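Structural overview
Residue strings, one per chain:
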Amino acid sequence: MIFAANFKTNHTRESTKKYIEALLAKIIAKKEEDKVYIFPPATALDRYEGDFVLGAQNAYMTQNGAFTGEIGLQQLEEFDIKTILIGHSERRQFLGESQMFIADKFAYFQSCGFEIIYCIGEPLEVRQEGRESVMNFLLSQLEGIDISYEKLIVAYEPVWAIGTGRSATSQEIAFTHQALKKIIQKPLLYGGSVKPENSEEIVSINGVDGLLVGSASLEAESFAKIIIG
Ligand code: PEP
């Protein structure tokens with residue numbers, strides 16, 4: 001299983017360091033094959049030792065240059081960061097990232113050999129239209145994306161389940177994951193209000209290869225519970 005923590009705009013450099021120390025001590029007993037990823041804010045990227053992968057929540061598609069407020073490859077290379085989240089719904093919704101922009105960013109980081117956790121997910125109004133609309137919407141978020149990329153991991157995160165405390169039901173997750181698996185033969189994570197109370201059930205669903213966790217990953221104790229089970 002893959003367990004990924006997305007801190008979003010939470011934690012500082014100092015608190016991230018303490019978090020990682022605490023988490024690593026708690027997950028010493030994790031299954032060897034389980035893989036842990038942590039995506040702290042850009043200001044907390046650093047070099048860390050331990051059995052986990054540190055990734056970037058975002059970066060601009062450039063080595064370096066005049067892109068005020070952005071970080072590029074040069075800033076990631078300083079810490080050997082080779083993993084990035086692309087397509088998160090908050091960047092699509094609040095930062096205005098279009099599918100075309102996201103596909104360009106994907107192609108850039110693919111060309112740089114990054115491992116990419118690519119996020120897709122439908123808003124509530126699409127979910128209310130039924131499963132066919134959901135699948136059409138998710139397919140539209142794969143436009144321009146090389147789904148055969150060897151270092152691709154996909155995260156299905158229904159927008160209405162992110163940060164709302166309302167996770168998708170096991171049936172909804174099972175149906176969507178199994179439908180996506182017919183199209184993309186890649187590891188497929190579920191994200192959206194995952195917490196220690198529901199994580200065990202979600203990871204047991206056929207077609208779920210791991211979890212992308214926001215709110216419940218912010219405390220090392222809670223994320224460790226999700227990993228250890
Ligand atoms: C996320 O934003 O990737 C996420 C899954 O958030 P939460 O766990 O808080 O719903």
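Let us look at the structure shown here. The structure presented is a predicted model; accordingly, all values stated were derived computationally and were not measured.

Calculation rules
- Residues numbered from 1 in each chain as written.
- Predicted model: local features only at pLDDT ≥ 70, side-chain atom pairs only at ≥ 80, totals over all residues.
- Heavy atoms only, no water.
- Buried < 20%, exposed > 50% of the residue type's maximum accessible area, 1.4 Å probe, protein only.
- Helix = DSSP H or I, 4+ residues; strand = E, 2+ residues; numbered from the N terminus.
- Contact = heavy atoms within 4.5 Å.
- Polar contact = N/O pair within 3.5 Å; in protein donor to acceptor, adjacent residues only side chain to side chain.
- Axes fitted to C-alpha atoms, helices over the stretch in contact; angles between N-to-C directions.
- Parallel < 35°, antiparallel > 145°, perpendicular 65-115°, else oblique.
- Left-handed = near helix turned anticlockwise from the far one by under 90°.
- Nonpolar A, V, L, I, M, F, W, Y, C, P; charged D, E, K, R; others polar.
- Phe/Tyr/Trp six-rings, centres within 6.5 Å; stacked < 30°, edge-to-face > 60°.
- Core = buried A, V, L, I, M, F, W, Y, C linked by side-chain atoms within 4.5 Å.
- Salt bridge = Lys/Arg side-chain N within 4 Å of Asp/Glu carboxyl O.

1. What about helix α9 (residues 220–228)?
Residues three or four positions apart in an α-helix share a direction because the helix packs 3.6 residues into each turn. Every buried residue of α9 is accounted for by Ala220, Ser222, Phe223, Ala224, Ile226 and Ile227. Those residues of α9 hidden inside the fold are in contact with β1 (2–6), α1 (13–26), β2 (35–39), α8 (196–203) and β8 (210–213). Looking one or two residues past α9, Gly229 carries a phi angle of roughly 90°, positive in sign.

2. Digging into the side chain of His88
In this fold, His88 is placed in the loop between β4 (83–86) and α3 (89–93). Taking relative accessible area as the criterion, His88 reaches 7% and is therefore assigned buried. For His88, the side chain forms a polar contact with the main-chain nitrogen of Glu90, separated by 3.0 Å.

3. Some thoughts on the packing of helix α6 (residues 131–140) against helix α7 (residues 170–183)
With their axes 11 Å apart at the nearest point, α6 and α7 run at an angle of 45° to one another. The angle between the axes of α6 and α7 places the two elements in the oblique class. For the crossing formed where α6 meets α7, the hand is right-handed. Between α6 and α7, the contacting residues are Arg131, Met135, Leu138 and Leu139 on the first element and Gln171, Phe175, Thr176, Ala179, Leu180 and Ile183 on the second. Looking at side-chain class alone, the contact of α6 with α7 contains seven nonpolar, two polar and one charged residues.

4. Considerations on the packing of aromatic side chains
Taken as a whole, this structure holds ten aromatic pairs when the rule is applied. The interplanar angle of 35° and the centroid separation of 4.5 Å between the aromatic rings of Tyr60 and Phe67 together place this pair among those described as tilted. Classification of Tyr60 as partly exposed rests on a relative accessible area of 22%. When the ring of Phe106 is compared with that of Tyr118, the centres are 5.7 Å apart and the planes differ by 90°; the resulting orientation is edge-to-face. Highlighted residues: Phe106 in helix α4 (residues 99–111) and Tyr118 in strand β5 (residues 115–120), separated in sequence by twelve residues. Residue Phe106 is classed as buried on the basis of its relative accessible area of 1%.

5. Structural notes on the nonpolar core
Counting 62 residues, the largest nonpolar core has Tyr19, Leu23, Ile38, Phe109, Ile116, Tyr118 and Phe223 as its most contacted members. Each residue touching Phe223, except ones within four places of it in the same chain, is listed here: Phe3, Ala4, Ala5, Tyr19, Leu23, Val36, Tyr37, Val213, Ala216 and Ser217. Counting residues in each nonpolar core, the second largest holds eleven residues, with Ala4, Phe39, Leu85 and Cys119 among its members.

6. As for the pattern of salt bridges
For the structure on display, the rule yields twelve salt bridges. Here Lys18 and Glu14 are joined by a salt bridge, their closest N and O atoms 3.3 Å apart. Taken together, the residues Lys18 and Glu14, both in helix α1 and four residues apart, mark about one turn of the helix. The same class applies to Lys18 as to Glu14, namely exposed. Measuring nitrogen to oxygen at the nearest pair gives 3.9 Å for the salt bridge that ties Glu221 to Lys26. Here Glu221, found in helix α9, pairs with Lys26, found in helix α1; they are 195 residues apart in sequence, far enough to count as distant. One network of salt bridges, with partners in common, ties together Arg91, Glu97 and Lys105.

7. What about the packing of α1 against α9?
The geometry of α1 relative to α9 is characterised by a closest axis approach of 9 Å and an angle of 30° between their N-to-C directions. The way α1 lies across α9 gives a crossing that is right-handed. Contacts between α1 and α9 involve Tyr19, Ala22, Leu23 and Lys26 from the first element and Ala220, Glu221, Phe223, Ala224, Ile227 and Ile228 from the second.

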